[in-house]
Amino acid sequence: MTQAESLVEYGSRRVIITITAIFCALLEIVDTTIVNVALNEMRGNLGATLTEIGWVVTAYAIGNVIIIPMTSWLAQQFGRRNYFAASIILFTVCSFLCGNATGIWELVAFRFLQGVGGGALLVTSQTIITESYPPEKRSMAQAIYGLGVIIGPTLGPPLGGYIVDHFKWPDIFYINIPIGIIATLLTLQYVRSPKYGEKKKGKDIDWLGIALLAITIGSLQYVLEKGQDDDWFSSSVITTFAVLAGLGLFFFIWRELTFKNPIVELRVLKNSNLRIGTILSFIMGFGLYGSTFIIPLYTQATLGWTAQQAGMLMIPSAITTAFMMPVIGNILQKGAPQQVLVSIGMLIFSIFTFWCFAILTPDTSVDNFFWPLILRGMGMGLLFIPITALSLSSLKGQQIGQGAAFTGMMRQLGGSFGIAIITTFMSHQNIVHRVSLISHLDSTNPVVQQKVQAIQHSNILKGMDPLKALKSAYAMLEGMVMKQATVLSYMDVFLYLGIMFLICVPFVLIVRGNKEKKKVDLSEAMH
């Protein structure tokens, strides 16, 4: 019996391990988005500025992305079960400390540590689930894991909105505690670690690589998260961190390619399928987190919906993805080409974005979103498992763990790049569309004059004097222009997202498949 076969579980043990791992993955990903709708409450309660409260999101993302590439190495050093359990404990304890924070920087510090604990939950749970299934059922195991990764960002806003509307903001952290305690106990009782080789001694540990990785990813994540707020490179802080990220990346690559026991094995990227897979994971993260960011923002800021209403809108998409995952897993098990499924997924996602482009108005109804979001759910279901399978299809042994870490990191970075680029692009497009719309509002135009006079007359009937009513009319007209410019900017985002995904389709189709049709065995991932 091989080591991989010895880790396969059956019956209730496999069910318990699967539920434990999927809940841990869900916990980690839900926490990336659940706080977004509570930021205003936190800001008022902690007396923080708008810039300071943004660090609650940024700190978690930085901690998260720094630790993901190191998970394979850390699991080998401490044993996968021990490392996974320790990460759950860190995540759970920091959840409690976040809820009890009395100052903004105290909360930010605990969010960073919570992100460090959460990063391991994302990648390690993938391997734990997969190794518990026999080879012929591992595509289905990927489908089960994919539920957490794809649905997590969608569940965050409605869950956070419900808690903020009905309870207090600390409760968004406290709900993690009972799940974390149960998951820790189940992990220690049921999860098994593969046997590793000899642990690295202190002198063999790539301490410089760890430091350079933290500097590079941390600086890059900071630039992406805060760049728009600080007007990008006009800020000396953003410029400094961008230079740090660039230099850090250069020296990190040099270190990892020359050190005997690198913290991240970059040579695995020589594999062409993994290189393609990391790019596709980046694009998928861009679309997944970008659309999860922009739709609630549009419905709340433009349509005036509550946080809970905006979050609930995404539920049909999540349910569709949940339905698609086992179906896609089953299709893959029967030998369907991964690149074909990815291409179909990208085509469907581009149709979703073009459909959203067509329906956006200053007063789009909830019914208009239903079918486009169903398509989004189908597209995401078709992307996650095939991209993972394609990325890892020609890797062997410990390389698979490194590959899984790369795809996980690139998916998260894709989301960060997506949100940063979308935010900056929209800010630019708002100005462009406003100037364009105002150029058509000639004050001598009879139609414009009639509109202003109608608003002025309405204001006079409400008790305003004529001069104040006129000023109010012009202010309202300006508001209407800005609202229309914002809607046009949202339309541009969906249009260009769709074009990006559509352009990728032919490139994905020409990717060579794995000729041997080897089953991807993630049970070897951290051996």
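Structure first, text after, so check above.
These figures come from a predicted structure and were not determined experimentally.

*Asks:* Describe the overall build of the protein chain, and please don't skip the residues or the numbers.
*Replies:* Helices and strands together make up the secondary structure of the protein chain, namely 20 helices and zero strands. Buried positions account for 55% of the 527 residues belonging to the protein chain. Sequence-distant contacts, at least 24 apart, represent 84% of the contacts inside the protein chain between residues at least 6 apart.

*Asks:* So what about the nonpolar core? Which residues, and what values?
*Replies:* Core analysis: the biggest nonpolar cluster contains 128 residues, and Met42, Leu107, Met346 and Phe369 have the highest contact counts within it. With 12 residues, helix H17 (residues 366-392) is the largest single contributor of residues to this core. The contacts of Met42, once residues within four sequence positions are left out, are Val35, Gly47, Ile53, Val56, Leu107, Trp169, Ile172 and Phe173.

*Asks:* Can you explain the packing of helix H6 (residues 80-99) against helix H7 (residues 104-131)? Please cite residues and give values.
*Replies:* At their nearest, the axes of H6 and H7 sit 8 Å apart, and the two run at 145° to each other. Considering the relative orientation of H6 and H7, their crossing is left-handed. Here the contact of H6 with H7 is built from residues that sort into 15 nonpolar, eight polar and three charged.

*Asks:* Residues and numbers for the side chain of Arg111, please.
*Replies:* One can find Arg111 in helix H7. Filtering out sequence-adjacent residues up to four positions away, Arg111 remains in contact with Asp31, Val35, Val56, Val57, Ala59, Tyr60, Cys98 and Phe173.

*Asks:* Talk me through the packing of aromatic side chains; I want residue IDs and the actual numbers.
*Replies:* Using the criterion set out here, one finds 12 aromatic pairs in the structure. Between Phe425 and Tyr496, the aromatic rings sit 5.6 Å apart at their centres with planes inclined by 85°, giving edge-to-face as the arrangement. Residue Phe425 is found in helix H18 (residues 399-439), and its partner Tyr496 is found in helix H20 (residues 466-509); the two are separated by 71 residues along the sequence. Judged by its relative accessible area of 25%, Phe425 falls in the partly exposed class. Residue classification places Tyr496 among the partly exposed positions, given a relative accessible area of 47%. By way of ring pairs, the aromatic residues Tyr298, Trp305, Phe369 and Tyr490 are connected into one cluster.

*Asks:* Give me the packing of helix H13 (residues 272-301) against helix H16 (residues 338-359): which residues, what numbers.
*Replies:* The description of two packed helices rests on the angle between their axes and on the distance between the axes. It is at 12 Å that the axes of H13 and H16 come closest, and there the two elements cross at 25°. Between H13 and H16, the angle is such that the two are roughly parallel. Seen along the crossing, H13 lies across H16 with a hand that is left-handed. Taken together, the residues of H16 that come into contact with H13 (itself represented by Leu280, Ile283, Gly287, Ser291 and Ile295) are Val342, Met346, Phe349 and Phe352.

*Asks:* Please give an account of the environment of Gly246 that cites residues and values.
*Replies:* Mapped onto the secondary structure, Gly246 falls in helix H12 (residues 236-258). A relative accessible area of 41% places Gly246 in the partly exposed class. Taking C-alpha positions, Gly246 is 8.4 Å from Leu220, a pair spaced 26 residues apart along the chain.

*Asks:* With reference to specific residues and values, describe the state of the cysteines.
*Replies:* Within the structure shown, the criterion is met by zero disulfides. There is no disulfide at Cys98, and the cysteine sulfur nearest it, in Cys94, is 6.4 Å away.

*Asks:* Account for the environment of Lys260, naming residues and giving values.
*Replies:* The topology assignment puts Lys260 in the loop between H12 and H13. Of the residues examined, Lys260 reaches a relative accessible area of 75% and is grouped as exposed. On a C-alpha basis, the gap between Lys260 and Asp206 in space is 8.7 Å, while along the polypeptide they are 54 residues apart.

*Asks:* Describe helix H15 (residues 315-333), listing the residues and the values that go with them.
*Replies:* End to end, H15 covers 28 Å across 19 residues, agreeing with the expected 27 Å (1.5 Å per residue, within 8%). Bending of H15 peaks at approximately 25° at the position of Met324, with proline Pro326 no more than four residues after it. Inspection of H15 places Pro316, Ser317, Ala318, Thr320, Thr321, Met324, Met325, Ile328, Gly329 and Leu332 among the buried residues, and these make up the whole buried set. Just past H15, the residue Gly335 takes up positive phi, approximately 95°.

The rules behind the values
- Residues numbered from 1 in each chain as written.
- Predicted model: local features only at pLDDT ≥ 70, side-chain atom pairs only at ≥ 80, totals over all residues.
- Heavy atoms only, no water.
- Helix = DSSP H or I, 4+ residues; strand = E, 2+ residues; numbered from the N terminus.
- Buried < 20%, exposed > 50% of the residue type's maximum accessible area, 1.4 Å probe, protein only.
- Contact = heavy atoms within 4.5 Å.
- Core = buried A, V, L, I, M, F, W, Y, C linked by side-chain atoms within 4.5 Å.
- Axes fitted to C-alpha atoms, helices over the stretch in contact; angles between N-to-C directions.
- Left-handed = near helix turned anticlockwise from the far one by under 90°.
- Nonpolar A, V, L, I, M, F, W, Y, C, P; charged D, E, K, R; others polar.
- Phe/Tyr/Trp six-rings, centres within 6.5 Å; stacked < 30°, edge-to-face > 60°.
- Parallel < 35°, antiparallel > 145°, perpendicular 65-115°, else oblique.
- Disulfide = S-S within 2.5 Å.
- Expected span 1.5 Å × (residues − 1).
- Bend = angle between axes of the 7 residues up to and from the residue.

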